[in-house]
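Each chain, written out:
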Amino acid sequence: MDFLKSRNSYLAAPILFCFALALIFAVWGIWYPCPKEWIVRFIDNDGMSFVESATLGFFFLQLLCIWLIPPMAPGRRRVFWQIDFSLITFIAVARQLDWHKAMVKVSNLPGATTGTPFKMRFLTNPVNPLPDRLIVLFTFIVVIAVCATTLLAFAKPLFKGFFKRQPVCWSIAFLGGTTVLIQFFDRLPSIFRKKLHVQLSDPVRSLFSLLEEGLEVILPLLVILALCQAYFIFVDKSAGHPAE
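Summary of the structure given here. (Residues numbered from 1 in each chain as written. Predicted model: local features only at pLDDT ≥ 70, side-chain atom pairs only at ≥ 80, totals over all residues. Heavy atoms only, no water.)

If you want to describe how two helices pack, look at the angle between their axes and the distance between the axes. The interhelical angle for the contact between helix 2 (residues 12-30) and helix 8 (residues 167-194), taken along N-to-C directions, is 30°, at an axis separation of 8 Å. Relative to helix 8, the element helix 2 lies roughly parallel. Contact residues: helix 2 offers Ala13, Pro14 and Phe17, while helix 8 offers Trp170, Ser171, Phe174, Thr178 and Leu181. Taken together, the residues of the contact of helix 2 with helix 8 break down into six nonpolar, two polar and no charged. (Axes fitted to C-alpha atoms, helices over the stretch in contact; angles between N-to-C directions. Helix = DSSP H or I, 4+ residues; strand = E, 2+ residues; numbered from the N terminus. Parallel < 35°, antiparallel > 145°, perpendicular 65-115°, else oblique. Contact = heavy atoms within 4.5 Å. Nonpolar A, V, L, I, M, F, W, Y, C, P; charged D, E, K, R; others polar.)

Looking at the element boundaries, Gly29 is found in helix 2. Along the backbone, Gly29 and Pro203 are 174 residues apart, and their C-alpha atoms lie at a distance of 9.9 Å.

So, on to a positive patch on the surface. Together, Arg121, Arg187, Arg193, Lys194 and Lys195 give the surface a local cluster of positive charge. Relative to the helices and strands, Arg121 resides in helix 6 (residues 120-124). Classification of Arg121 as partly exposed rests on a relative accessible area of 45%. (Patch = residues over 30% accessible without salt bridge, like charges linked within 9 Å, V, L, I, M, F, W, Y side chains within 5 Å. Areas by Shrake-Rupley, 256 points an atom, 1.4 Å probe, with all protein chains shown as cover. Salt bridge = Lys/Arg side-chain N within 4 Å of Asp/Glu carboxyl O. Lys, Arg positive; Asp, Glu negative; His and termini not counted. Charge placed at Lys NZ, Arg CZ, Asp CG, Glu CD. Buried < 20%, exposed > 50% of the residue type's maximum accessible area, 1.4 Å probe, protein only.)

All right, on to the environment of Leu222 then. Take Leu222: it is sitting in helix 9 (residues 202-235). Its relative accessible area of 1% is what places Leu222 among the buried residues. Remark: the alpha-carbon pair of Leu222 and Thr179, spanning 43 residues in sequence, is separated by 11 Å. Apart from the residues within four sequence positions on either side, Leu222 is in contact with Ala13, Leu16, Ser171, Phe174, Leu175 and Thr178.

Counting residues in each nonpolar core, the largest one holds 38 residues, and the members touching the most others are Leu4, Phe208, Leu210, Leu211, Leu215 and Ile218. Among the elements of the structure, helix 2, helix 4 (50-68), helix 5 (76-96), helix 8 and helix 9 are those that each provide at least two residues to this core. Per-element tally for this core: the top contributor is helix 9, with 15 residues. The next biggest cluster of nonpolar side chains, apart from the first, holds six residues, and it includes Val104, Phe118, Val136 and Phe140. (Core = buried A, V, L, I, M, F, W, Y, C linked by side-chain atoms within 4.5 Å.)

What follows concerns the layout of surface pockets. Counted as a void, the second largest pocket has a volume near 400 Å³. As for the second largest pocket, its lining consists of 19 residues, of which Leu23, Phe50, Val51, Gly214 and Val217 are closest to the centre. Taken together, the residues of the lining of the second largest pocket break down into 18 nonpolar, one polar and no charged. (1 Å grid on protein atoms, 1.4 Å probe; cavity = no way out; pocket = protein on both sides within 12 Å on 5 of 7 lines; lining within 4 Å. Points joined across faces, edges and corners; volume = space filled by probe spheres on them.)

Right, let's get into empty space enclosed by the protein. Tallying each qualifying case throughout the model produces one cavity of 30 Å³ or more. Volume-wise, the largest cavity comes out at about 30 Å³. Across the lining of the largest cavity, the residue classes tally to three nonpolar, one polar and two charged.

Take the pattern of salt bridges next. Counted by the stated rule, this structure contains two salt bridges. Between Arg95 and Glu216 there is a salt bridge, with its nearest N and O atoms 3.4 Å apart. Residue Arg95 is found in helix 5, and its partner Glu216 is found in helix 9; the two are separated by 121 residues along the sequence. Looking at Arg95, the relative accessible area reads 42%, which means it is partly exposed. By relative accessible area, which is 6% here, Glu216 ends up buried.

Turning our attention to helix 8. Taking 1.5 Å of rise per residue, the 28 residues of helix 8 would be expected to cover 40 Å, and the 41 Å separating its terminal C-alpha atoms lies within 8% of that figure. The largest bend in helix 8 amounts to roughly 35° and is located at Arg187, with the proline Pro189 lying one to four residues further along. Buried residues of helix 8: Pro167, Val168, Cys169, Trp170, Ser171, Leu175, Thr178, Ile182, Phe185, Leu188, Pro189 and Ser190, and no others. Residues of helix 8 that are buried sit in contact with helix 2, helix 7 (130-163) and helix 9. The opening residue of helix 8, the one whose side-chain oxygen lies 2.8 Å from the backbone nitrogen of Val168, is Gln166. (Expected span 1.5 Å × (residues − 1). Bend = angle between axes of the 7 residues up to and from the residue. Polar contact = N/O pair within 3.5 Å; in protein donor to acceptor, adjacent residues only side chain to side chain.)

What follows concerns the side chain of Ser206. Tracing the sequence through the fold places Ser206 in helix 9. Given the relative accessible area of 2%, Ser206 is considered buried. A polar side-chain atom of Ser206 sits 2.6 Å from the main-chain carbonyl oxygen of Pro203. Setting aside anything within four residues of it in sequence, one finds Ser206 in contact with Trp28, Pro33, Cys34 and Ile39.

In C-alpha cells form, the structure reads like this:
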C-alpha cells in the first residue's frame, strides 16, 4: 500500500493497463492461432468462461470495496455516492450476465430487428412491438441518466486533476479510455465485414476477442484502485497525501 500513498501513485493505472495488454498479447502469442474451441472455452462461453467469471468476480469485489473503502469523508454525501456507485456496478453486473436481454425477447415478426434489442435501431423500427420498445427506452433512460449525472458531477475536478497528476483522476481516466477501447475492439470486426467487406482471419479475430474480454477484466480493478487511492488521499488522514 506504500506505493498508493506515494507521489507516484498516479502511475498505478498506466502500469495496470500496460500489464494487462502485455498479458493479453502473451496469451495470444502462446496459444497462436487461438483456435475457436479455445476462445469459446476460455473467453466466450455464454458467460461461463474463465475470463468472464473473473470479470464478474471482480465486479462483486468492486461493490464490496465501495462500502468497505469509502472514497469520501463520512456524511450524507458519501452515502449518496456510495449508493450511486453501487447502482452503476449493478448495471455493469447486469450487462455482464445479460440480464437486460431477458427483459425483451426478439420478435419473429417480418421486418423486426434481429440481434440484441438494446440498440437505437430497435427503437426506431415500428415493426418491433411497442411494449418491447418502451422497455428498451426506459432502460436507456435509466442507464444514461445515472451514468451521465455521475460523470457530470465529477467531470470538472477529474479534468483538472488529470493534468495535476492526481492519482484518482488518472485511474478514472484510464477507466474511461479502456471502456472506449473495449467498444472499439468489439465493433471493429463487424465494421470490417459490413462496411469494408473484409473478412478478418481467425487469428486476428481471436486477438480482438482477447483484447475485448481481457480489458474488461481490468475495469473493476481500475475502480478498486481509484477507491483505494481516494481513501488514502481524502479519508485516511494518517496515510499522508501524495503531492499535487
